[in-house]
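Coordinate inspection notes
In case you want the letters, here they are:
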Amino acid sequence: MTTASAGSARGTAPLAASDPVPVSDDVPVLVVGAGPAGLTLALLLDRLGVPHLLIERRTAPSVLPRSRAVNARSMEVFRTLGVADEITGAALAQERAGLRFVFATTLAALDTPDTLLAQSLVAGRRASFSPTSTVMCPQDVVESVLRRRLDAGRIRYGTTLTGVETSGDRVTATVIGPDGTPRRIRCRQLVGCDGAHSAVRRSTGTELLGGGPVTENHQVLFEAALGPLIGELRATITFLDADGVRGYLQPTSVPDRWTFNRILEDPADTAAPADPADLVRTVAGDPALAVKVLEESHWTSRSQVAERLSSGRVHLAGDAAHLVTPFSGSGLNLGVQDVHNLAWKLAAVVHGWAGPELLESYDPERRPVAEWTAREDRANNADAIATGNWDRWREELPKRRVKDGIILGFHYAEGALVPEPEPEPGEQVADPYTDYRPTARPGHRAPHLPLGPDGGSVLDLFGPGFTLLTAADGGAEWTAAAGRAADRLGVPLSARVLGALPGEIADDWTEAYGITGSGAVLVRPDGHVAWRSPVLAPDAAALLEGVLRTVLCRPEEAEDPAEQA
């Protein structure tokens, strides 16, 4: 039995989970934290039919915009949940139309020759890679869209985690409710989506690892009529550097409401204005500007990854699992993709069609992606802050925005899949960060291909269970094999014969997926390829059943994994 105190962010005395406190709930999954990762996980678990409880220590949703970039892969997840169009409609900008970045001394100097207007170099280039597009939508808006899809009262606000105890097949979380009363919640799996200062992470004794530049910041949320100063140069981000005040200005979803984030080159520096309204006036270049400060905060940006993402039945996702700087544009997205990976595994174990060892694949799949992202972020951050001005970043930013590889090409080398030998050197991309080459190798995101005449995508076929894609030549055999495997193992599995209808999909889709007309590709509920067979196997049913047993940790002798879950 493991017992740990999680402490309290609200000043409540830590309470050991072994104290005599009444049990208020017993659920399969407890989700701690109602930010983007926690909300997305809740919606995915709903889709997968997994009962769960979502708690949040804040007493109400945050109004801070925080992150803004929602990349194409995250939008694909939101497309699955039916919220992508709503997020796109609420976005401040879309990558397909080009994202604008402005570098200037002040807003009043935007019309001077020194001002640089940088257009994102990826405008429209991903159209053939994804049915979605990266958008700039403030985090508070994304959270609002996700919350509206949850039933009223589903989020327990003002509920602080103070202790976690694991014993046998259960995790017990001790919480303090809004009324100050301690309660205990029992669950089979606990997921910490509770942010950078995660109480769940502390309860497991997990450390954040990684070095690189650490930057102190002063952020101001304010209202001001900046339209006359900005004119036609309204941008996704405006980088400013005036009289010792360097930072970046971003719009919010509310008219005339903005955030300015000042980078503190020397936190002890007292030369710059201490009044947040005066900071805004300095970079605006208008000492008479009327500024209403709504909120200000001091925070530290760093790039770090937890040493492990799972500790038995307790898992970390989002900022609880990894931290990146705003120059990454990846914070929200890593969390969404964490829970997309984790949700189907939780469902498989809870519903009994996978062995509990399946959850052990979460860390080796997701942590390397987070570590790669953090390394790239440290390089970006070094460029952004290296010179004490924006000179280097104004050259690097447009180039670093080309990151198709890390957005769509990230993949899993090991885990819930049947790996293939490493590709030949000629099959690999020159720069994995910037370049993306669609492939259906196991571990990779299954490639997007247009499906039907109405803007559909083959990605729309994936989930909530497994999907077996095959062509007409082997369609009957593979469909029968899928039916037999599904019945024998109790696994949700559907077979889709593509190309049987005229104009349904491009004739060469099998080439894009690396199979012949008689082959098949097994796609996981999260859209990543688990296995593929280039040709029809002699005993397709036995082969497919064996593959599913391998992927789902279902050895022959363990016919009832639900007893271990």
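This one's a predicted model, so the numbers in the text were calculated from it and none came from an experiment. (Residues numbered from 1 in each chain as written. Predicted model: local features only at pLDDT ≥ 70, side-chain atom pairs only at ≥ 80, totals over all residues. Heavy atoms only, no water.)

1. Overview of the sheet that holds strand β5 (residues 93-94)
Read across the open sheet, the three strands follow the order β4-β8-β5; overall the sheet is antiparallel. Two strands in the sheet have a free side with no partner beyond their single neighbour: β4 (69-70) and β5. Pairing of β4 with strand β8 (residues 135-136), which is carried by two bridges, proceeds in the antiparallel orientation. The residue of β8 that forms the bridge with V70 is V135. (Pairing = 2+ DSSP bridges. Helix = DSSP H or I, 4+ residues; strand = E, 2+ residues; numbered from the N terminus.)

2. A word on empty space enclosed by the protein
Per the stated rule, a full pass over the model turns up eight cavities of 30 Å³ or more. When its volume is computed, the largest cavity comes out at roughly 210 Å³. Sorting the residues of the lining of the largest cavity by element identifies α1 (36-47), α2 (72-80) and α8 (331-351) as the ones contributing at least two each. When residues in the lining of the largest cavity are grouped by element, the largest group, five residues, is from α2. Looking at the lining of the largest cavity, its residues break down into nine nonpolar, three polar and seven charged. Along the walls of the second largest cavity sit N71, G329, S330, N333, L334, Q337, V369, T373, K403, I406, I407 and F410, which together make up its complete lining. (1 Å grid on protein atoms, 1.4 Å probe; cavity = no way out; pocket = protein on both sides within 12 Å on 5 of 7 lines; lining within 4 Å. Points joined across faces, edges and corners; volume = space filled by probe spheres on them. Nonpolar A, V, L, I, M, F, W, Y, C, P; charged D, E, K, R; others polar.)

3. Quick notes on the pattern of salt bridges
In total, this model carries 26 salt bridges according to the counting rule given. Across the pair E365 and K345 runs a salt bridge, and its minimum N-O distance is 2.7 Å. Placement of E365 in helix α9 (residues 362-385) and of K345 in helix α8 is noted, with a sequence separation of 20 residues between them. One exposure class covers both E365 and K345, and it is buried. Salt bridges here are not isolated pairs; linked through shared partners, they connect K345, E365, R524 and D526. (Salt bridge = Lys/Arg side-chain N within 4 Å of Asp/Glu carboxyl O. Buried < 20%, exposed > 50% of the residue type's maximum accessible area, 1.4 Å probe, protein only.)

4. Section: the state of the cysteines
Counted according to the given criterion, the structure contains zero disulfides. In this model C187 remains outside any disulfide bridge; the closest cysteine sulfur is found in C193, 13 Å from its own. Its relative accessible area of 0% is what places C187 among the buried residues. (Disulfide = S-S within 2.5 Å.)

5. Focus: the pairing of strand β3 (residues 52-56)
With five of its five residues buried, β3 lies for the most part within the structure. A two-sided burial pattern is seen for β3, the buried positions comprising H52, L54 and E56 on one face and L53 and I55 on the other. Judged from the four bridges that link them, strand β2 (residues 23-32) and β3 form a sheet pairing that is parallel. Counterpart to V32 in the pairing with β3 is I55. The parallel pair β2 and β3 is bridged by α1, and the resulting crossover is right-handed. Here β3 runs beside strand β9 (residues 155-157); their pairing, made up of three bridges, is parallel. Looking at β9, one finds that L54 is bridged to I155. (Right-handed = clockwise from strand over helix to strand, strands pointing away.)

6. Topic: the sheet that holds strand β27 (residues 520-523)
Pairing in this open sheet of four strands is mixed, and the strands run β26-β25-β27-β28 from one edge to the other. A strand with exactly one partner marks an edge of an open sheet, and here the two such strands are β26 (493-498) and β28 (529-533). Averaged over all pairs of adjacent strands, the angle between strand axes in this sheet comes to 20°, irrespective of strand direction. With six bridges connecting them, strand β25 (residues 466-471) and β26 associate as parallel partners. Paired with L469 across the two strands is R496, which belongs to β26. (Axes fitted to C-alpha atoms, helices over the stretch in contact; angles between N-to-C directions.)

7. Here's the deal with unusual backbone geometry
At the junction of G463 and P464, the peptide bond is cis and its omega measures out at -5° in the coordinates. Structurally, the position occupied by P464 is in the loop between β24 (456-457) and β25. Even without glycine at this site, C553 takes up a positive phi of about 55°. Counting through the fold element by element, C553 comes out in the segment after α14 (540-551).

8. Description of the packing of α1 against α8
Relative to each other, α1 and α8 sit at 30°, their axes nearing to 9 Å. Accordingly, the angle class assigned to the pair α1 and α8 is roughly parallel. Considering the relative orientation of α1 and α8, their crossing is right-handed. Here P36, A37, T40, L41, L44 and L45 of α1 lie close against α8, whose contacting residues are L332, G335, V336, V339, H340, A343 and L346. (Parallel < 35°, antiparallel > 145°, perpendicular 65-115°, else oblique. Left-handed = near helix turned anticlockwise from the far one by under 90°. Contact = heavy atoms within 4.5 Å.)

9. Digging into the confidence of the model for the protein
The predicted coordinates should not be examined in detail at positions where pLDDT is low. When the pLDDT values of the protein are averaged, the result is 89; 90% of them are 70 or greater. Across residues 7-17 the pLDDT falls below 50, and counting only partners more than four positions away or on other chains, this stretch makes 28 contacts in the model. (pLDDT = per-residue confidence, 0-100.)

10. Considering the pairing of β28
Counting buried positions along β28 yields five of five residues, so the element is predominantly enclosed. Pairing analysis gives four bridges linking β27 to β28, with the strands arranged antiparallel. Looking at the pairing, L522 lines up with W531 of β28. Between the end of β27 and the start of β28, which pair antiparallel, lie five residues, with G527 showing a positive phi angle near 85°.

11. Describing the environment of L110
Relative to the helices and strands, L110 is located in the loop between β6 (100-104) and β7 (116-119). In this view, L110 contacts V102, A104, T115, L229, I230 and L233; residues no more than four positions away in its chain are not counted.

12. Topic: the environment of G546
Mapped onto the elements, G546 comes out in helix α14. In this structure, the C-alpha to C-alpha distance between G546 and Y248, residues 298 residues apart in sequence, is 54 Å.

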